[in-house]
Amino acid sequence: MEKSERRAGGRICVYCKKVRANVKRPKTGDAVCRDCFYSAFEDEVHSTIVHEKLFCAGETVAIGASGGKDSTVLAYILQLLNERHNYGLNLLLLSIDEGIAGYRDDSLRAVQRHSEKYNLPLEVLPYEDLFGWSMDQVVAQQGRRANCTYCGVFRRQALDRGAMKLKADKLVTGHNADDIAETVLLNLLRGDFPRLSRCASASTQADSASCEANRQLSIPRVKPFKWTYEKEIVMYAYFKELDYFATECIYSPEAFRGFARAFIKDIEAVRPSAIADTIVSAQCFEYPSTSSDTVKSHLSQTLRECKQCGYMTSQPTCKACELLNSLNARKEQLKLDLQSDQTHFSPPENASMT
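All values derive from a computational prediction rather than experimental measurement.

Trainee: Is there a simple way to explain the packing of helix α8 (residues 177–190) against helix α11 (residues 257–270) in this structure?
Mentor: Helix packing geometry: the angle between the two helix axes and the distance between the axes. Packing of α8 against α11 brings their axes to within 9 Å, and their N-to-C directions diverge by 115°. Note on packing geometry: the crossing formed by α8 with α11 is right-handed. In contact with Asp178, Asp179, Ala181, Glu182, Thr183, Leu185 and Leu186 of α8, α11 contributes Arg257, Ala260, Arg261, Phe263, Ile264, Lys265 and Glu268. Here the residues of the contact of α8 with α11 sort into six nonpolar, one polar and seven charged.

Trainee: For this particular structure, what's the right way to read the sheet that holds strand β6 (residues 170–172)?
Mentor: Sheet strands associate in pairs through backbone hydrogen bonding, adopting either a parallel or an antiparallel arrangement. Strand order in the open sheet made by the five strands is β5-β4-β3-β6-β7, with parallel pairing throughout. Only two strands of the sheet have a single partner each, and these edge strands are β5 (122–126) and β7 (221–222). Sheet topology places strand β4 (residues 90–97) next to β5; five bridges connect them, and they run parallel. In the sheet register, Leu94 faces β5, and the bridge partner there is Glu123. This element, helix α4 (residues 104–118), spans β4 and β5 of the sheet and lies at about 165° to β4.

Trainee: Just to check I follow, could you spell out the pairing of strand β3 (residues 60–64) for this structure?
Mentor: Within a regular strand, the side chains alternate between the two sheet faces. Within β3, five of the five residues are buried, which leaves the element mostly enclosed by the surrounding structure. Going residue by residue along β3, you find Thr60, Ala62 and Gly64 tucked away on one face and Val61 and Ile63 tucked away on the opposite face as well. Where β3 lies against β4, five bridges are found, and the strand directions are parallel. Looking at the pairing, Ala62 lines up with Leu92 of β4. The β-α-β motif built from β3, the intervening helix α3 (residues 69–84) and the parallel element β4 has right-handed crossover chirality. By the bridge criterion, three bridges tie β3 to β6 in an arrangement that is parallel. Bridge pairing links Ala62 to Leu171 in β6.

Conventions adopted
Residues numbered from 1 in each chain as written. Predicted model: local features only at pLDDT ≥ 70, side-chain atom pairs only at ≥ 80, totals over all residues. Heavy atoms only, no water. Axes fitted to C-alpha atoms, helices over the stretch in contact; angles between N-to-C directions. Helix = DSSP H or I, 4+ residues; strand = E, 2+ residues; numbered from the N terminus. Left-handed = near helix turned anticlockwise from the far one by under 90°. Contact = heavy atoms within 4.5 Å. Nonpolar A, V, L, I, M, F, W, Y, C, P; charged D, E, K, R; others polar. Pairing = 2+ DSSP bridges. Buried < 20%, exposed > 50% of the residue type's maximum accessible area, 1.4 Å probe, protein only. Right-handed = clockwise from strand over helix to strand, strands pointing away.

Nothing here speaks to function; it is geometry throughout.
As structure tokens, then:
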């Protein structure tokens, strides 16, 4: 932060051309004063909301709040823009407690402070209540391999169920431009083309802007930070002195996403526009009309209710239930193995003491 201020310190703000610049925007390289940085940041988020038609007046909007920088700035700026531009939104905070000791409990305290400071109602849903497992229990049984897969699937469903519980019309998340660019890269590496064609959208449902979407199976998710760079979110939070939790999840270093994140940061250092360019590339992605029937079938997935829990899925059983079935089966097998070991090694009751 200080480095970017130092670099811009001897120049006049390129926006207002009145005062000395003390901030260099990571996104554009422009040397600006703090007030102009605030205005540019807020106006760009507002522009995304308006251009993408993310909200309709009178809607109840659940903000996915983790206590981190993204969701903290998101809650602050949505409340600010809601009042400034008269969006007419009813804002709520929704937090998910994954059950990670020493991490989530501390971040939830930050969310509680935000709820009190901004006068926003808060709902907290624990994994253990929804799925019968906390992430600490999952890792204790399965080890650290693929633990982010479990958490990601559970968290997505938990947010949807929480938003439904709150009777929200939209679920808004703090995914920023860096996150979306990473997801584009991950989907390319996995060959997941159906998600590649959707992940760059500011809304998960094409008809969400019409306010007439069928919400029986899902609630539209929107991303006001679609074009907002992570570094600028950090700068905004820092200069505004916002209270957020900065510690990384203790299990995330094992995540495959970390490699995509490192690559995105490397290319950003060479060419900052590469982040936005990656998102634009995904938006322009199209399948050729000559695609095989298998590919077309893969693309035209139809959502239905999971036969086990009723959550939306393109398969008979949703991914969360598949993972839960695997966890529960493994747990039962471990119990049987333990009982077998105890029976095998326990001495006869009438064995003499020698």
